[in-house]
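# Analysis of the macromolecular model
Single-letter residue listing:
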Amino acid sequence: MKTTELKAYKERLLSLRARLRGDVSQMADAALKKRRSEANGDLSSMPIHMADIGTDNFEQEFTLSLMQTEEETLDLIEGSLERIEEGTYGQCEECGVKIPKTRLNAIPYASLCVKCATQREQGF
Ligand SMILES: [Zn+2]
């Protein structure tokens, strides 16, 4: 993979990481506010509202991938950042083939090719 491409994925991973971490602290904030307003007897304020969810494919894939726990996703992002440093980013950890760019574009922290990811999901 070209250095410029790697750099782009790295930036994307870094911003995803920042976003996930931000989301986590926002959720903690919201929980705190909720507790406070409940203590005040103010039940009308709804602290949790859906964040600005975009409509393009990337956003959709990202939202779907949030079905994993945020911690798992953060781990995957950390792993991908390490692989960028090691020069193995974009290769399947299982079989070593190049992960298609369409997959990396959708899930920049993917560490397995589609075949291996499917097999793992099915428990092989
Ligand atoms: Zn593979």
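Our subject is the structure listed above.
Model, not experiment: these values are computed from the prediction. (Residues numbered from 1 in each chain as written. Predicted model: local features only at pLDDT ≥ 70, side-chain atom pairs only at ≥ 80, totals over all residues. Heavy atoms only, no water.)

## A short note on the overall build of the chain
Assigned secondary structure in the chain consists of five helices and zero strands. Counting across all 124 residues of the chain, residues that qualify as buried make up 30%. Once local pairs closer than 6 in sequence are excluded, the contacts in the chain between residues at least 24 apart make up 61%. (Helix = DSSP H or I, 4+ residues; strand = E, 2+ residues; numbered from the N terminus. Buried < 20%, exposed > 50% of the residue type's maximum accessible area, 1.4 Å probe, protein only. Contact = heavy atoms within 4.5 Å.)

## Observations regarding the nonpolar core
If you look at the biggest cluster of nonpolar residues, it comprises 21 residues, and the most contacted ones within it are Leu13, Ile77, Tyr89, Cys92 and Tyr109. Listing elements by their share of this core, those giving two or more residues are α1 (3-39), α3 (70-86), α4 (101-106) and α5 (114-121). Those residues in contact with Cys92, other than ones at most four positions away along the chain, are Val97, Ile99, Ser111, Leu112, Cys113 and Cys116. (Core = buried A, V, L, I, M, F, W, Y, C linked by side-chain atoms within 4.5 Å.)

## With respect to α3
Across its 17 residues, α3 extends 24 Å between first and last C-alpha, which sits within 8% of the 24 Å expected from 1.5 Å per residue. Listing the buried residues of α3 in full gives Glu70, Thr73, Leu74, Ile77, Gly79, Ser80, Leu81, Arg83 and Ile84. Positive phi shows up at Gly87, right after α3, with a value of about 85°. (Expected span 1.5 Å × (residues − 1).)

## Some words on the coordination of the zinc ion
The coordination sphere of the zinc ion, as far as protein atoms go, consists of Cys92 (SG), Cys95 (SG), Cys113 (SG) and Cys116 (SG), spread over 2.3 Å. For the zinc ion, the four donor atoms are set out with angles of 103 to 114° between them, so the coordination reads as tetrahedral. Site description for the zinc ion: donor spacing in sequence, C-x2-C-x17-C-x2-C. Judged by relative accessible area, Cys92 falls into the buried class, the value being 5%. (Donors = N, O, S within 2.8 Å, 3.2 Å for Na, K, Ca; no water. Tetrahedral: all angles 85-135°; square planar, octahedral: opposite > 155°, others 65-115°.)

## Some remarks on the packing of aromatic side chains
Scanning all chains against the criterion turns up one aromatic pair. Considering the side-chain rings of Tyr9 and Tyr89, the 5.5 Å spacing of their centres and the 50° angle between planes classify their relative orientation as tilted. Of the two residues, Tyr9 is situated in helix α1 and Tyr89 in the loop between α3 and α4; the sequence distance between them amounts to 80 residues. In this structure Tyr9 comes out as buried when scored by relative accessible area, which is 6%. (Phe/Tyr/Trp six-rings, centres within 6.5 Å; stacked < 30°, edge-to-face > 60°.)

Taken by themselves, the reported measurements are silent on function.
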